[in-house]
Amino acid sequence: MTNERTAWGWGLASVDAAGNTLDVWYPQLTLGEAPAESGRPNHDFGPLAHEEADARGVRRVPVFTVSQLDEPIASAADAYLKLHLMSMRLAKPNTLNLEGIFAKLNNVVWTNYGPFAVEDFALRKLDVLKAAAGSPLPTADVNVLSVDKFPRMIDYVVPSGVRIGDADRVRLGAYLSEGTTVMHAGFVNFNAGTLGVSMVEGRVSQGVVVGNGSDIGGGASIMGTLSGGGKLRNSIGEHSLLGANAGIGISLGDNCVVEAGLYVTAGTKVTVWDKAKAAAGEPLDVVKGADLSGKDNILFIRNSVNGRIEARYRKTGIELNAKLHKN
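What you see is a predicted model; the values in this text were computed from it and never measured. (Residues numbered from 1 in each chain as written. Predicted model: local features only at pLDDT ≥ 70, side-chain atom pairs only at ≥ 80, totals over all residues. Heavy atoms only, no water.)

Time to look at the domain arrangement of the chain. Domain boundaries assigned for the chain yield domain 1 (6-148) and domain 2 (163-313). On a C-alpha basis, the centroid separation for the pair domain 1 and domain 2 is 34 Å. Opposite the 13 residues of domain 1 that make contact, domain 2 presents 17 residues. Both faces considered, domain 1 and domain 2 share a buried interface measuring about 1,400 Å² in area, 58% of it formed by carbon and sulfur atoms. Among the residues domain 1 hides against domain 2, the three largest losses belong to R89, P93 and N94. Together they make up 43% of the total. On the surface where domain 1 and domain 2 come into contact, there are 2 salt bridges. As a salt-bridge pair, E178 and R89 come within 3.9 Å of each other at their nearest N and O atoms. The greatest single-element share of the side of domain 1 that touches domain 2, amounting to 5 residues, is contributed by helix 1 (residues 76-87). Tallied by class, residues from the side of domain 1 that touches domain 2 come to 7 nonpolar, 3 polar and 3 charged. (Domains from an automatic or database assignment. Contact = heavy atoms within 4.5 Å. Buried area = accessible area lost by both parts, 1.4 Å probe. Salt bridge = Lys/Arg side-chain N within 4 Å of Asp/Glu carboxyl O. Helix = DSSP H or I, 4+ residues; strand = E, 2+ residues; numbered from the N terminus. Nonpolar A, V, L, I, M, F, W, Y, C, P; charged D, E, K, R; others polar.)

Moving on, we come to the pattern of salt bridges. If charged atoms from side chains of opposite charge come close, those side chains can pair. Overall, the coordinates contain 12 salt bridges when judged by the stated rule. Where D54 meets R56, a salt bridge forms, and the shortest distance between an N and an O atom there is 2.8 Å. By relative accessible area, which is 27% here, D54 ends up partly exposed. For R56, a relative accessible area of 9% gives the class buried. R312 is the salt-bridge partner of E310, the closest N and O atoms lying 2.9 Å from each other. (Buried < 20%, exposed > 50% of the residue type's maximum accessible area, 1.4 Å probe, protein only.)

What follows is about the UniProt feature "binding site: succinyl-CoA" (unreviewed entry) in the chain. Those places that UniProt annotates as "binding site: succinyl-CoA" (unreviewed entry) correspond, in this numbering, to R203, G218, S221, A244, E259, A260, G267 and K288. What stands out for the annotated residues spanning 86 residues is how far apart their C-alpha atoms range, the widest pair being 25.8 Å apart. Position of A244 relative to the elements: it lies in the loop between strand 19 (241-242) and strand 20 (247-248). If sequence neighbours within four positions are ignored, A244 has contacts with G217, G218, A260 and G261. Looking at the element boundaries, G267 is found in the loop between strand 22 (263-264) and strand 23 (269-272). (UniProt positions renumbered as here; feature names shortened; annotations may be inferred.)

Its boundaries defined by the atoms lining it, the largest pocket holds a volume of some 270 Å³. In terms of lining, the largest pocket is formed by 15 residues, of which the most central are D23, G114, P115, D155 and Y156. The set of elements that each furnish at least two residues to the lining of the largest pocket consists of strand 2 (21-25), strand 5 (108-111) and strand 6 (114-117). Its residues placed into classes, the lining of the largest pocket shows 7 nonpolar, 3 polar and 5 charged. (1 Å grid on protein atoms, 1.4 Å probe; cavity = no way out; pocket = protein on both sides within 12 Å on 5 of 7 lines; lining within 4 Å. Points joined across faces, edges and corners; volume = space filled by probe spheres on them.)

What follows deals with the UniProt feature "binding site: Mg(2+)" (unreviewed entry) in the chain. Taken from the UniProt record, the annotation "binding site: Mg(2+)" (unreviewed entry) applies to D168. Mapped onto the elements, D168 comes out in the loop between strand 8 (163-164) and strand 9 (174-175). At 3.0 Å, the side chain of D168 and the side chain of R152 are in polar contact. (Polar contact = N/O pair within 3.5 Å; in protein donor to acceptor, adjacent residues only side chain to side chain.)

With that settled, consider the environment of L69. Looking at the secondary structure, you find L69 in the loop between strand 4 (59-68) and helix 1. L69 sits 214 residues away from P283 along the chain, and the two C-alpha atoms are 51 Å apart.

See the structure below:
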């Protein structure tokens, strides 16, 4: 019986002059128990792998990695394997043990020439430009995309059936289901993503998942596990809408709407609208936002007359434009 909580594969690692692993690219991964060395398939990196350092001071080294999915991160290669698993849709967010990932990943200068070590970037950049000047190709500058521990997803994994307006705003480790559209201002962190056809115009933070048919409006924000202390996991159910410039620190169930510009956190005082009580002049119930977390069929609005935040019953959910999300 195979161990489905194990994954393995060949990767191509970028290793700097100090022996630090800057990144690992896994073209293919397999779930289940890894084969013995004698039965292990050969990698097929060919001339992409080179033991001698290039102008960046980086060697490209094949690595065979076996990851225990329920164990903390053991190495940079292990971290990259788990991030690839999510972006390849082989593992959903919040199903892998990512403990220690920040300690195992190196801060890297990500460029159009690939990863550079931070410490000697200026000198290595000069070496690269000199090498480019000696080639028949026009000399191109080294463009820095970011300085971060996490690279862009689509430099490693391009999932089918998605549209991404700005590649810089989707990190490796994001899980994007078929039919997902990430607009130019949208952002999806690692260990986060969409579980169906979705529109992402706002921010999907680490640990957050968005259900099928839901829309994260422009400028909207969802508090993730990093901002929530590492344990709180907020989510959005199916056919729900987080309005433009709105935000939540709680989960939304199915068929919910948070009106534009409204932020609802766990401690927010929310008045539960009851038509019968209001008609009879009886006081309405006031609860914390946490008491409504994950519940279905709720419209969260701010009453424009008295300023209070109200939760009202909503019978149906939103419907996304099917043609727009047929990617």
